[in-house]
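Chain and residue survey
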Amino acid sequence: MFLPSPWRQFFPGILAFAEQQQVWLDSAATAQKPQSMLDALAQHYQQGVANVHRAQHQPGERATRAFENARSSIAKWLQADAQDTLIFTKGTTEGINLLSQALAHHLQAGDEILISAYEHHANLLPWQQLALARGLILKVLPMDTDGHLDIDQAIAQLSTRSRIVAISALSNVVGHKQSLSALLSAARKIGAWTVIDGAQAAVHERPNLQQLDCDFFVCSAHKVYGPDGVGLLFARERAVPALRHWQFGGEMVRHCDYQHAEFLPAPLGFEPGTPSTANIIAFAATLEWLQSLDSQAIATHEAALHAALLQGLQARGMQIIGSPNCALVSFNAPQVHHADLALLLGEQGIAVRAGHHCAMPLLHSLGLAGALRVSLAMYNNGDDLQRFFAALDQALEILQ
Ligand SMILES: Cc1ncc(COP(=O)(O)O)c(C=O)c1O
């Protein structure tokens, strides 16, 4: 299988794994980091650090400038309009928790929140818990037999009580890049807020938030080759006033006395406490590096790897979940427990994910206790897949 990756050389972690005879096929969990990100982190720390937005000294000014430049640079990557707002979070999970708290005051008992059947727990539990606490109705939009969101049925489920529609653009289990524009515009027509979970999608296609007509978009840096512990919440200009402050602390107040406080608007009003300055600066550097690459060539490479992965699994009679069209495939081997197979793959140096993938209700609805998942990134190559299939064949010989 001759599918070389010209980008592999830029990822020291992948080169280290190669020396350890380790194949990384779990990038949907977290992606390896490019040298540009490591350089940006080192440079930030080596030149001396300071806190942002609170100091009059020169290091503080420099840190604040670098931090706000990172915000502008990341907004550019998102292709956001200048009037829209970018709030830094710890990741997708925190972004959705923020929204579930910051929008809660608009909701009344009997109002509806709609999510899809394939959501990650991060885009289920915050809404579920809010619904339980406030007497809201959590509607789960069904999938068709291919594991895709049934858009016509989803639109039919909208009602005058629908207040929030929160959907993942790419499922971490089903691996189907979902076209959401019809649902987003139907939701907008009835005045519901729309939230896109871009945790899986953002790394495989640069978001275009002028085209994607949602109110909010969340993703995590670590899945886009960036650092851990940082994420973003994009909020469209029209939706920002709907947000009520949700966490409280330093650097988010305009004025405060012992009994009352007046808060800053977004973004700073939603970023209390010391931010992850170095990681945010390194995230911006990662995205700038990413934009310097040929995105079409990366997409073509990833698609070729995905086709080879799918074909190899089908040829071996694996039970594939849904009909994935992007970056990952979840599957089971007939009569084999996913944990046994993952163990034997792991012993042969193949890192894949096994379990319920933080989507327990989805797997239960499919009658599955778990599944394996192979996920791909720009640094994978044909050799990685060949090693995976050799290890799979060996494991199946033992287990079947
Ligand atoms: C679709 C989806 N949404 C949300 C998350 C949560 O991301 P994080 O753990 O970075 O907050 C994940 C993580 O795997 C995911 O795949």
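Just so we're clear, the structure is a prediction, and the values are computed from it rather than from any experiment.

**A few points about the packing of aromatic side chains**
Applying the stated criterion to the full structure yields 11 aromatic pairs. Through pairs of rings, three or more aromatic residues link up here, namely Phe 10, Phe 11, Tyr 225, Trp 289 and Tyr 379.

**Points about the side chain of Ser 375**
Positionally, Ser 375 belongs in strand E15 (residues 371-375). Of the polar contacts made by the side chain of Ser 375, one reaches the backbone nitrogen of Ser 27; its length is 3.0 Å. Beyond its immediate sequence surroundings of up to four residues, Ser 375 is in contact with Leu 25, Asp 26, Ser 27, Ala 28, Ala 327, Leu 328 and Asn 380.

**Concerning empty space enclosed by the protein**
Empty space among the atoms becomes apparent when a probe as large as a water molecule is rolled across them. On inspection of all chains with the given rule, the structure shows three cavities of 30 Å³ or more. Put simply, the largest cavity is a space of about 70 Å³. Surrounding the largest cavity, Val 52, His 53, Arg 54, Phe 67, Glu 251, Leu 268, Glu 271, Gly 273 and Pro 275 form its lining. Here the residues of the lining of the largest cavity are counted per class, giving four nonpolar, two polar and three charged. Lining the second largest cavity are Ser 27, Ala 28, Ala 31, Gln 200, Val 203, His 204, Lys 223, Tyr 225, Leu 376 and Ala 377. Looking at the lining of the second largest cavity residue by residue, the classes come out as six nonpolar, three polar and one charged.

**Quick word on the nonpolar core**
Among soluble globular proteins, nonpolar side chains are generally buried collectively. In this structure, Leu 78, Leu 180, Leu 183, Phe 217, Tyr 225 and Met 378 are the most contacted members of the largest nonpolar core, which totals 70 residues. By residue number, the principal contributor to this core is helix H8 (residues 277-291), which donates seven residues. Composition of this core by domain shows at least three residues from each of domain 1 (8-25 + 293-399) and domain 2 (38-291). Those residues in contact with Leu 78 that sit more than four places away from it in its chain are Leu 86, Pro 207, Asn 208, Leu 209, Phe 217, Leu 232 and Phe 234.

**Thoughts on the packing of helix H9 (residues 295-315) against helix H12 (residues 382-399)**
In contact at an axis separation of 10 Å, H9 and H12 are set at 15° when each is read in the N-to-C sense. Comparing their axes, H12 and H9 come out roughly parallel. The interaxial crossing formed by H9 with H12 has right-handed handedness. Two secondary-structure elements touch here, H9 through Leu 305, Ala 308, Leu 309, Gly 312 and Leu 313 and H12 through Gly 382, Leu 385, Phe 388, Phe 389 and Leu 392. Here the contact of H9 with H12 is composed, by residue class, of eight nonpolar, two polar and no charged.

**Here we look at the environment of Ile 155**
In this structure, Ile 155 sits in helix H6 (residues 151-157). The exposure class of Ile 155 is partly exposed, given its relative accessible area of 29%. The sequence separation of Ile 155 and Asn 381 amounts to 226 residues, and the corresponding C-alpha distance is 40 Å. Discounting residues that sit within four places of it in the chain, Ile 155 has contacts with Ala 182, Leu 183 and Ala 186.

What counts and what doesn't
Counting from 1, residues in each chain are numbered in the order their sequence is written. Totals for whole chains, interfaces and linings use every residue, but because this is a predicted model, local features are given only for residues with pLDDT of at least 70 and side-chain atom pairs only at 80 or more, for both listing and counting. Water and hydrogen atoms were dropped before computing side-chain values, which therefore reflect all heavy atoms in the structure. In summary, the pairing rule links any two rings of Phe, Tyr or Trp, Trp by its six-membered ring, whose centres are within 6.5 Å, and it sorts them by plane angle into stacked for under 30 degrees, edge-to-face for over 60 and tilted for everything else. Per the convention used, a helix needs a DSSP run of H or I reaching at least four residues, while a strand needs a run of E reaching at least two, with both numbered from the N terminus. For this analysis, a polar contact is any N or O atom pair within 3.5 Å, provided that within protein one partner can donate a hydrogen and the other can accept it, and provided that sequence-adjacent residues contribute only side-chain to side-chain pairs. Here, residues are in contact when the closest pair of their heavy atoms is within 4.5 Å. Both cavities and pockets are sets of points on a 1 Å grid over the protein atoms alone; in a cavity a 1.4 Å probe fits but cannot get out, in a pocket the set is open with protein on both sides within 12 Å along at least five of seven lines, and lining residues sit with an atom within 4 Å of a point. Grid points are joined across faces, edges and corners, and a volume is the space filled by probe spheres set on the points. Think of it as three bins: nonpolar holds Ala, Val, Leu, Ile, Met, Phe, Trp, Tyr, Cys and Pro, charged holds Asp, Glu, Lys and Arg, and polar takes everything else, Gly as well. Definition used in this section: a nonpolar core is a set of buried Ala, Val, Leu, Ile, Met, Phe, Trp, Tyr and Cys residues joined via side-chain atoms within 4.5 Å. The classification of residues rests on relative accessible area computed with a 1.4 Å probe and restricted to protein chains. Under 20% of the type maximum is buried, over 50% is exposed, and intermediate values are partly exposed. Domain ranges listed in this record stem from an automatic or a database domain assignment. Between N-to-C directions, angles span 0 to 180 degrees; the directions come from axes that are lines fitted to C-alpha atoms, helices contributing only their stretch in contact. Roughly parallel means an angle under 35 degrees; roughly antiparallel means over 145; roughly perpendicular covers 65 to 115; every other angle is labelled oblique. What makes a crossing left-handed is the near helix being turned counterclockwise from the far one by less than a right angle; a clockwise turn instead makes it right-handed.

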